[in-house]
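# Examination of the molecular architecture
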Amino acid sequence: MIHITDKENCCGCSSCAQRCPKQCITMQCDSEGFLYPTVDTAQCIDCGLCEKVCPVITPSQPRDPQKVYASYNKDEETRLKSSSGGIFTLLAQQTIDKGGVVFGVRFDEHWMPIFDYTLTGDGIAAFRGSKYVQATVGNAYRQAEAFLKEGREVLFSGTPCQIAGLKHYLRKEYSNLLTVDIICHGVPSPRVWGMYVDELCAKESRRSKQKATIQSVSFRDKSRGWKSFHISIAFSTGHTYKRLFHRDYYMRTFVGDATLRPSCYDCKAKIGRSHSDITIADFWGIHVVDPSLDDDKGCGAIFINTPKGDSCYPYGQCINSEKSLHDVVSNNTSYHTSSQPHPKRERFFATLQQTNSVTRSVQKVLIPSLARRILARIKRHALSLIRKIRKSLN
Ligand SMILES: Cc1cc2nc3c(=O)[nH]c(=O)nc-3n(C[C@H](O)[C@H](O)[C@H](O)COP(=O)(O)OP(=O)(O)OC[C@H]3O[C@@H](n4cnc5c(N)ncnc54)[C@H](O)[C@@H]3O)c2cc1C
Ligand code: SF4
Ligand code: SF4
Ligand code: SF4
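Below, the structure is looked at part by part. (Residues numbered from 1 in each chain as written. Chains lettered and ligands numbered in written order. Predicted model: local features only at pLDDT ≥ 70, side-chain atom pairs only at ≥ 80, totals over all residues. Heavy atoms only, no water.)

## Here we look at the site of ligand 3
What counts is decided by this rule: Proximity is defined per residue: any heavy atom of the residue falling within 4 Å of a molecule or strand makes that residue near it. Gly is placed with the polar residues, together with every amino acid not listed as nonpolar (Ala, Val, Leu, Ile, Met, Phe, Trp, Tyr, Cys and Pro) or charged (Asp, Glu, Lys and Arg).
For ligand 3, the set of nearby residues contains 14 residues, the closest of which are C10, C13, S14, C16 and C54. Tallied by class, the residues present in the shell around ligand 3 amount to eleven nonpolar, three polar and no charged.

Shown next, in the form of structure tokens:
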């Protein structure tokens, strides 16, 4: 039976919990806010299925993409609403048009990301856009399996480990399944995001002197450009909080690797090991690789991994230019390399426990104090002076 001793060895896909024939595995939250399986040993019949369907215990082999494209959706409105090139929407719409089902990640009523499915074109909008928080898979694999068995076309999108989890859960190939993953930097803690949402609402309520609730969240607001994207949160008060991604405290914890799930620091699903049909990502560096494709509205990097991926790709509805794998990964190392934990990760979570505030924890732990910044600047100047003196003496 599943027994987690090292948290790096569980990506939280919940394949084990969904497959257990006795339904005796529950996903429980740890102090950092991540879900892990716990077995009710009194009910367990020791069948071993939970271990067989775990993508971390038995990771798949790495696989190179068959083709790589720089690509974006010809429909500019959709592209601007999407995180990168807006290719996900094209794939999803195509599935719906065939009478199929699309699985993706949307916000729930508390602005927490969860997996859900839609049977309609209108339902795709909720999945559009990256949510930089670990999403709860819930029963999504079981729901997808039921649709697959009915013979419905299913598009399932998620992080590489969530696609690997689905494939392990299903344990057989379905010709009516199309899997789409992303290049994945890692997923931050839902607990940290939930606390931050409460803090921003409280701050906005104080500012506006009325109870503020959130109306919409975009982690990738492109209104001031795709490359220098903003996080933007619209409140019921009419005010919109908007910050350049690295100026926002929550985004600092994400890009600084301070709050990622432990499994993201030793990811077992990278380098094509999810065995997805298509991988979608940002084509960072496209302004150097092929400036003609960079209008700062979003350019996707697309990996066609299987013949099925190739046959489903909506070539006619996007601008495409074939590139090499090197062109993409030289500016997107998350494809093959796991993030390194921030040196103060543990201190950050300990401070969060004490202060109960993301803002204060970031200020205390992740932002260097003024004194330390001044000292670092003095050190830099002193070193450069020493170098100049040495050079003039030689
Ligand atoms: C946590 C996370 C980390 C990422 N890291 C990188 C990276 O290092 N490099 C890179 O190039 N791209 C990364 N991406 C992918 C990138 O942000 C875009 O989502 C991707 O390029 C697709 O863009 P699009 O315009 O085609 O579609 P969009 O409309 O933006 O598509 C969104 C898709 O992402 C899915 N999704 C959204 N939030 C989540 C979530 N929390 N968990 C699982 N699936 C989700 C949706 O279901 C949908 O399938 C990351 C995305 C996420 C969610
Ligand atoms: S060994 Fe079988 S019954 Fe026990 S937890 Fe795993 S899947 Fe469930
Ligand atoms: S990685 Fe997935 S299947 Fe494996 S133990 Fe964790 S939740 Fe279960
Ligand atoms: S980095 Fe790896 S383990 Fe972490 S969410 Fe992404 S695919 Fe999963």
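## Describing the packing of helix α5 (residues 140–150) against helix α6 (residues 160–170)
In plain terms, the rule: Only the contacting stretch of a helix is used when fitting its axis, a line to C-alpha atoms as for every element, and angles between N-to-C directions run 0 to 180 degrees. Each helix corresponds to a stretch of at least 4 residues labelled H or I by DSSP, and each strand to a stretch of at least 2 residues labelled E; elements are numbered beginning at the N terminus. Oblique is the label for any angle not under 35 degrees, not over 145, and not in the 65 to 115 range, which are roughly parallel, roughly antiparallel and roughly perpendicular in turn. Crossings are assigned a handedness: left-handed for a near helix turned anticlockwise from the far helix by less than a right angle, right-handed for a clockwise turn. Should any heavy atoms of two residues lie within 4.5 Å, those residues are counted as being in contact.
Orientation of α5 relative to α6, taken along the N-to-C sense of each, is 55°, at an axis distance of 10 Å. On the basis of the axis angle, α5 is oblique to α6. For the pair α5 and α6, the crossing hand works out as right-handed. The segment α5 lies against α6, with Y141, R142, E145 and L148 engaging C161, Q162, G165, L166, Y169 and L170.

## Concerning the pattern of salt bridges
Put simply, the test is: Put simply, a salt bridge is a Lys or Arg side-chain nitrogen that is within 4 Å of an Asp or Glu carboxyl oxygen. Relative accessibility decides the category of a residue: with a 1.4 Å probe and only protein chains considered, values under 20% of the type maximum give buried, values over 50% give exposed, and everything between is partly exposed.
One pass over the structure, following the stated rule, counts 17 salt bridges. Of the charged contacts, one joins R19 and E145 as a salt bridge, the two residues approaching to 2.9 Å between their closest N and O atoms. Of this pair, R19 sits in helix α1 (residues 15–19) while E145 sits in helix α5, and the two are 126 residues apart along the sequence. Across this residue pair, the class does not change: R19 and E145 are buried. When salt bridges with common partners are traced through the structure, they connect R19, E145 and K149 into a single cluster.

## What about the nonpolar core?
Here is the rule we go by: In this text, buried Ala, Val, Leu, Ile, Met, Phe, Trp, Tyr and Cys residues form a nonpolar core when linked through side-chain atoms within 4.5 Å. Where each domain begins and ends is defined by an automated method or by a domain database.
W193, F219, I233 and M251 are the most contacted members of the largest nonpolar core, which totals 38 residues. Composition of this core by domain shows at least three residues from each of domain 2 (67–187 + 260–335) and domain 3 (190–258 + 343–366). Setting aside residues up to four positions removed in sequence, M251 forms contacts with Y132, F219, F229, I231, F245 and G256. In terms of nonpolar packing, the next biggest core, distinct from the first, is built from 34 residues, I2, C16, C20 and I163 among them.

## So, the site of ligand 1
Test applied: N or O atoms within 3.5 Å of each other form a polar contact, as long as, within protein, one can give a hydrogen and the other can take it, and as long as residues adjacent in sequence are counted only when both atoms are side-chain atoms. In short, Shrake-Rupley with a 1.4 Å probe defines the accessible areas, and a residue's cover is counted only from the protein chains shown.
In the vicinity of ligand 1 there are 32 residues, among which S84, S130, K131, I183 and N332 approach most closely. A distance of 3.3 Å is found between an oxygen atom of ligand 1 and a side-chain nitrogen or oxygen belonging to R220. Across the complex, the protein chains shield 97% of the 900 Å² of accessible surface that ligand 1 would expose by itself. For the shell around ligand 1, the secondary structure elements donating two or more residues are α4 (87–97), β4 (101–107), β6 (154–158) and β11 (278–282).

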